[in-house]
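Report on the structure
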Amino acid sequence: MGAIVLRVEDVKKARRIPKKAREKLGKRKKDVPELKASKSDDKIRSFVLTELLKCPSAQISAVYVNKKNTYDYIRNNKSHKTKHYNYIARVLIVDSLKLYLEKIGYTPDKALTIEVYLDHYHTTKFRKKNLEKYIQRMITEAIPYEANVQIHQKDSQAEPLIQVADFVVNAFYRKLNGEDNLLTKFETMGRILKFKQIY
């Protein structure tokens, strides 16, 4: 699971990245509805991450689960799986936001609006509203500021930010498996907030 944290002034720029990447694919694939990292070649994967790096405020993070080390009672029980998913989301989202606010020197005298975009593919209809309330609550409880928290669960085909986040997750995954490292520049520039294994 991965995340991109951006200031509002860079959001439009980040949303244009998938369109620019499709243009590089040529006429036959220019109208592909969704750009997927797993179905892209190294050239496109590198292009997307390079374009994201051009967004001055962009910071990335990821957490991952080693399923071999996950307790059986979590793997075999839907209720425990839900709680585990919520815990992972909390570690990723809350920790990333807190680290980001520290890095940019945010002070509570400034207005703060936090918008979180989630791929709704990973949530059932039953959990959708509960997940939104859970994330809103965990952010407001963890961050000691008066924050306006908005949660958007979107189809990844319709939300370019989610498509870009897919490339970030893929890059962390490939690095973890020793395939390649497209995150070197993010690392050297100190723009990786968190990369942590969770059990």
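This write-up is about the structure you can find in this document. (Residues numbered from 1 in each chain as written. Predicted model: local features only at pLDDT ≥ 70, side-chain atom pairs only at ≥ 80, totals over all residues. Heavy atoms only, no water.)

This next bit is on the overall build of the chain. Scanning the chain for helices and strands turns up eight helices and five strands. Reading the chain from its N terminus to its C terminus gives the helix and strand order β-α-α-α-β-α-α-β-α-β-α-α-β. Taken across its 199 residues, the chain has 42% of its residues classed as buried. For the chain, contacts bridging at least 24 residues in sequence account for 77% of all contacts bridging at least 6. For the chain, the computed accessible surface area is about 12,100 Å², with 50% contributed by carbon and sulfur atoms. (Helix = DSSP H or I, 4+ residues; strand = E, 2+ residues; numbered from the N terminus. Buried < 20%, exposed > 50% of the residue type's maximum accessible area, 1.4 Å probe, protein only. Contact = heavy atoms within 4.5 Å. Areas by Shrake-Rupley, 256 points an atom, 1.4 Å probe, with all protein chains shown as cover.)

This part covers the packing of aromatic side chains. Taken as a whole, this structure holds two aromatic pairs when the rule is applied. A centroid spacing of 5.3 Å and a plane angle of 45° characterise the contact between Y64 and F195, whose relative ring orientation is tilted. Placement of Y64 in strand β2 (residues 59–65) and of F195 in strand β5 (residues 192–198) is noted, with a sequence separation of 131 residues between them. What makes Y64 partly exposed here is its relative accessible area of 23%. Judged by relative accessible area, which is 32%, F195 ranks as partly exposed. (Phe/Tyr/Trp six-rings, centres within 6.5 Å; stacked < 30°, edge-to-face > 60°.)

Further remarks concern the side chain of E159. You can see E159 is positioned in the loop between β4 (147–154) and α7 (160–176). In this structure E159 comes out as buried when scored by relative accessible area, which is 5%. A polar contact of 3.0 Å, which involves the side chain of E159, links it to the backbone nitrogen of L161. (Polar contact = N/O pair within 3.5 Å; in protein donor to acceptor, adjacent residues only side chain to side chain.)

Buried together is how nonpolar side chains tend to be arranged in soluble globular proteins. With 24 residues, the main nonpolar core has V48, L52, I60 and F186 as its most contacted residues. Mapped by element, the contributors of at least two residues to this core are α1 (11–15), α2 (17–25), α3 (42–53), β2 and α7. Excluding its chain neighbours within four sequence positions, the residues that come into contact with L52 are I4, I17, A58, I60, V164, V168, F186 and R191. Counting 20 residues, the second largest nonpolar core, distinct from the first, contains I114, L131, I139 and I143. (Core = buried A, V, L, I, M, F, W, Y, C linked by side-chain atoms within 4.5 Å.)

Scanning the entire structure with this criterion turns up 11 salt bridges. Between K175 and E187 there is a salt bridge, and its shortest N-O distance comes to 3.0 Å. Taken together, the positions of K175 in helix α7 and E187 in helix α8 (residues 184–188) put the pair 12 residues apart, joining distant regions of the chain. (Salt bridge = Lys/Arg side-chain N within 4 Å of Asp/Glu carboxyl O.)

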